[in-house]
Amino acid sequence: MASAQWAEVREKFQAALALSRVELHKNPEKEPYKSKYSARALLEEVKALLGPAPDDEDERLQADEGLGAGDHALGLPTEVVEAEGPVAQRAVRLAVIEFHLGVNHIDTEELSAGEEHLVKCLRLLRRYRLSHGCISLYIQAQNNLGILWSEREEIETAQAYLESSEALYNQYMKEIGSPPLDPTEHFLPEEEKLTDQERSKRFEKVYTHNLYYLAQVYQHMEMFEKAAHYCHSTLKRQLEYNAYHPMEWAINAATLSQFYINKLCFMEARHCLSAANVIFGQIGKISTTEDRQHRRA
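This write-up is about the structure you can find in this document. Throughout this description, residue numbers start from 1 for each chain and increase along the sequence as written. Only residues with pLDDT of at least 70 are given local features in this predicted model, and only at 80 or more are side-chain atom pairs given and counted; all residues enter the totals for whole chains, interfaces and linings. Water and hydrogen atoms were dropped before computing side-chain values, which therefore reflect all heavy atoms in the structure.

Focus: the packing of aromatic side chains
Aromatic pairing here means that ring centres of Phe, Tyr or Trp (its six-membered ring) are within 6.5 Å. Orientation follows from the plane angle: under 30 degrees is stacked, over 60 is edge-to-face, and everything else is tilted. In this structure the tally under the stated criterion is 9 aromatic pairs. Plain terms: the ring middles of Phe13 and Phe187 are 4.2 Å apart, the flat faces sit at 20° to each other, and that makes the pair stacked. You can see Phe13 sitting in helix H1 (residues 3-20) and its partner Phe187 sitting in the loop between helix H7 (155-175) and helix H8 (196-220), a full 174 residues away along the chain. Judged by its relative accessible area of 0%, Phe13 falls in the buried class. Ring-pair connections join several aromatic residues into one group, and the members of that group are Tyr169, Tyr172, Phe203 and Tyr207. Sitting over the face of the ring of Trp6, Arg93 holds its NZ or CZ atom 3.9 Å from the ring centroid. Look at NZ for Lys and CZ for Arg. If either is within 6 Å of the ring centre and within 35 degrees of the ring normal, a charge sits over the ring. The ring centre of Trp149 lies 4.6 Å from the NZ or CZ of Arg152, which sits over that ring. Secondary structure is summarised from DSSP: a helix means a run of H or I of at least four residues, a strand means a run of E of at least two, and numbering begins at the N terminus for each. Throughout, exposure labels follow a simple rule: accessible area from a 1.4 Å probe, protein chains only, divided by the maximum for the residue type, with under 20% read as buried, over 50% as exposed, and the rest as partly exposed.

Listed below in structure tokens is the structure:
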């Protein structure tokens, strides 16, 4: 791709991300999704500029057409295949766009279209899903499909996607372990790439979200012991990475205490309630990491 065209692609992509972050209440009352639709149009322009999926990826997509959506979430890769060379690079960039189009459609309550784009993202990445450049994006796509199927009350399908994400994270950390690329970096010049520290923070946040959604799925399935374990892990990680909203965190910790009380685990219940009280006291005094980042955006 010519440098001038690549510069246009990067500019449109960054503009789409900025529009995607616009809060709904900042749009006209009669057009609450105006910024989302504008972002979608830019993403479609970027997709057109990137061109169609490479021939080998097209063949894989066609071969996959007979599979159900959930089939793409199951099974761990047996080896690491890096997305190297122009063909693989284009496939990954297209997958990034498909991911953002999927999230965009879900945000505008077009769930079927959102699902279609997210599944296409997984198909494009499937060969490279354990690689340094693709693992975070793949897990994020599966997390979003897990949420989507949970909202449809198809809990077992949601569970399959989310458990696949957890297993993939664990495999990556065991076999590779280095902080992976954030999906946005596929559209950044080399000098603007993130530090390993920032990459690690973003990747761990993706995994924390995965555990949070799993806790909800297990709660829905009445697997209460497992739900409590995942809730506890989520709360612990949110504190560790300073990525939480005090009110929400305190409510979740207090709710978890009730589980421990019912199990006669009074020390654990007391610990949860004490922590909830401390964090509740932070309301209005501090802003979360996410809030600060949002204001700078």
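So, next bit.
What to know about the pattern of salt bridges
When a carboxyl oxygen of Asp or Glu lies within 4 Å of a side-chain nitrogen of Lys or Arg, that pair is called a salt bridge. The tally for this structure, following the rule as stated, stands at 13 salt bridges. As a salt-bridge pair, Glu204 and Arg237 come within 2.6 Å of each other at their nearest N and O atoms. Highlighted residues: Glu204 in helix H8 and Arg237 in helix H9 (residues 224-240), separated in sequence by 33 residues. Given the relative accessible area of 6%, Glu204 is considered buried. On the basis of relative accessible area, Arg237 is assigned to the buried category, the value being 12%.

Digging into the layout of surface pockets
Two kinds of site are reported from a 1 Å grid over the protein atoms alone, namely cavities, where a 1.4 Å probe fits but cannot get out, and pockets, open sets with protein on both sides within 12 Å along at least five of seven lines, and residues are called lining when an atom falls within 4 Å of a point. Grid points are joined across faces, edges and corners, and a volume is the space filled by probe spheres set on the points. A volume near 370 Å³ is recorded for the second largest pocket. As for the second largest pocket, its lining consists of 16 residues, and the residues nearest its centre are Gln219, Ala227, Cys231, Thr255 and Leu256. Of all the secondary structure elements, the ones that give two or more residues to the lining of the second largest pocket are H8, H9 and helix H10 (246-262). By residue class, the composition of the lining of the second largest pocket is 9 nonpolar, 7 polar and no charged. Only Asp, Glu, Lys and Arg are considered charged in this grouping, and only Ala, Val, Leu, Ile, Met, Phe, Trp, Tyr, Cys and Pro are considered nonpolar; every other residue, Gly among them, is considered polar.

Remarks on the nonpolar core
Each nonpolar core is a collection of buried residues, namely Ala, Val, Leu, Ile, Met, Phe, Trp, Tyr and Cys, held together in the definition by side-chain atoms within 4.5 Å. By size, the foremost hydrophobic cluster in this structure holds 70 residues, and its most contacted members are Phe13, Leu50, Ile97, Leu125 and Phe187. Among the elements that line this core, the one with the most residues is helix H4 (residues 85-107), at 9 residues. If sequence neighbours within four positions are ignored, Phe13 has contacts with Leu43, Val46, Val96, Ile97, His100, Thr184 and Phe187. Note on contacts: a residue pair is in contact if any heavy atoms of the two residues lie within 4.5 Å.

Let's talk about unusual backbone geometry
Peptide bonds are trans in most cases, and residues, glycine excluded, mostly fall at negative phi. Of note, Glu222 is a non-glycine position whose phi angle comes to about 60°, a positive value. Secondary-structure assignment places Glu222 in the loop between H8 and H9. In the Ramachandran plot, Asn242 falls in the positive-phi region, its phi being about 50° despite a non-glycine side chain. Among the secondary structure elements, Asn242 is positioned in the loop between H9 and H10. Given the relative accessible area of 30%, Asn242 is considered partly exposed.

Side note on the side chain of Gln238
Turning to its location among the elements, Gln238 is positioned in helix H9. The buried category is assigned to Gln238, whose relative accessible area is 13%.

Notes on the environment of Ile176
Mapped onto the secondary structure, Ile176 falls in the loop between H7 and H8. For Ile176, a relative accessible area of 31% corresponds to the partly exposed category. Sequence separation between Ile176 and Ser131 is 45 residues, and the spatial gap between their C-alpha atoms is 8.6 Å. Beyond its immediate stretch of four places on either side in the chain, Ile176 contacts Val80, Leu130 and Gln171.

A closer look at the packing of H9 against H10
Where H9 contacts H10, the axes come no closer than 10 Å and their chain directions differ by 145°. In terms of crossing hand, the pair formed by H9 and H10 is left-handed. On H10, the residues touching Phe224, Glu225, Ala228, Cys231, His232, Leu235, Gln238 and Leu239 of H9 are Trp249, Asn252, Ala253, Leu256, Phe259 and Tyr260. Each residue belonging to the contact of H9 with H10 can be placed in one class, and the counts come to 10 nonpolar, 3 polar and 1 charged. Axes here refer to lines fitted to C-alpha atoms; in helices the fit is confined to the stretch in contact. Angles between the N-to-C directions go from 0 to 180 degrees. We call a crossing left-handed when the near helix sits turned anticlockwise from the far one by less than a right angle, and right-handed when that turn is clockwise.

Some words on the side chain of Asn104
Residue placement: Asn104 occurs in helix H4. Using a relative accessible area of 3% as the deciding quantity, one classes Asn104 as buried. A polar contact is formed between the side chain of Asn104 and the side chain of Arg40, at a distance of 2.8 Å. Once residues lying within four places of it in the same chain are set aside, the contact partners of Asn104 are Lys36, Ala39 and Arg40. Pairs of N or O atoms are called polar contacts if they sit within 3.5 Å, as long as, within protein, a hydrogen donor faces a hydrogen acceptor (for residues adjacent in sequence, only side-chain-to-side-chain pairs).

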